[in-house]
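So the chains spell out like this:
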Amino acid sequence: MSADPAIRQRPSMKVPEVAEFFDVDEETVRVWVRAGKLKARRNPGGRTLVFGRTYIEGLLTDEPNFAAQNENGPVLATATPDEP
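If you're wondering where the values come from, they're calculated on a predicted model, not measured in any experiment.

(A) The sheet that holds strand 3 (residues 49–52), seen in detail. Strand order in the open sheet formed by 3 strands is 1-3-2, and the pairing between neighbours is antiparallel. In the strand order of this sheet, the two ends are held by strand 1 (12–14) and strand 2 (41–42), each with one partner. Bridge analysis of strand 2 against strand 3 gives 2 bridges, and the strand direction is antiparallel. The residue bridging Arg 41 from the neighbouring strand is Val 50, located in strand 3.

(B) Quick look at the packing of aromatic side chains. If you walk through the whole model with that rule in mind, you get 2 aromatic pairs. Considering the side-chain rings of Phe 22 and Trp 32, the 5.6 Å spacing of their centres and the 80° angle between planes classify their relative orientation as edge-to-face. Remark: Trp 32 occurs in helix 3 (residues 26–34) and Phe 22 occurs in helix 2 (residues 15–22); sequence separation between them is 10 residues. For the pair shown, Phe 22 and Trp 32 are each scored as buried. Taken together, the aromatic side chains of Phe 21, Phe 22 and Trp 32 make up a single cluster linked through ring pairs. The ring centre of Tyr 55 lies 5.3 Å from the NZ or CZ of Lys 39, which sits over that ring.

(C) View of the nonpolar core. By size, the foremost hydrophobic cluster in this structure holds 15 residues, and its most contacted members are Val 18, Phe 22, Val 29, Leu 38, Phe 51 and Ile 56. Taken together, the elements giving at least two residues each to this core come down to helix 2, helix 3, strand 3 and helix 4 (53–58). The element that contributes the greatest number of residues to this core is helix 2, accounting for 5 residues.

(D) The pattern of salt bridges, seen in detail. A complete count under the given rule lists 6 salt bridges for this structure. The partner of Glu 26 in a salt bridge is Arg 30, and the shortest N-O contact between them spans 3.7 Å. With Glu 26 and Arg 30 both in helix 3 and 4 residues apart, the pair spans about one turn of that helix. Taking the relative accessible area as the measure of exposure, Glu 26 reaches 34% and is therefore partly exposed. Residue class for Arg 30 comes out partly exposed when judged on its relative accessible area of 29%.

Conventions adopted
- Residues numbered from 1 in each chain as written.
- Predicted model: local features only at pLDDT ≥ 70, side-chain atom pairs only at ≥ 80, totals over all residues.
- Heavy atoms only, no water.
- Pairing = 2+ DSSP bridges.
- Helix = DSSP H or I, 4+ residues; strand = E, 2+ residues; numbered from the N terminus.
- Phe/Tyr/Trp six-rings, centres within 6.5 Å; stacked < 30°, edge-to-face > 60°.
- Buried < 20%, exposed > 50% of the residue type's maximum accessible area, 1.4 Å probe, protein only.
- Lys NZ or Arg CZ within 6 Å of the ring centre and 35° of its normal.
- Core = buried A, V, L, I, M, F, W, Y, C linked by side-chain atoms within 4.5 Å.
- Salt bridge = Lys/Arg side-chain N within 4 Å of Asp/Glu carboxyl O.

Right, dumping it as structure tokens:
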């Protein structure tokens, strides 16, 4: 992840940060969103994808409420965390 602690403390992540987190290309992150494998929302302008940091970081945990990671990317679990 980014070395800048200020970026790591923000409650949301953008596509480049998520791509770095999963060590994939930015377009891969966009493909995962279009395929429904990652949840994201658009900022008020509608152009930028925004991801909840807790959600993204939780994808790599073993908690049942988060998705699992496999060779095809994140796969949403049947139970997902509530979004604000």
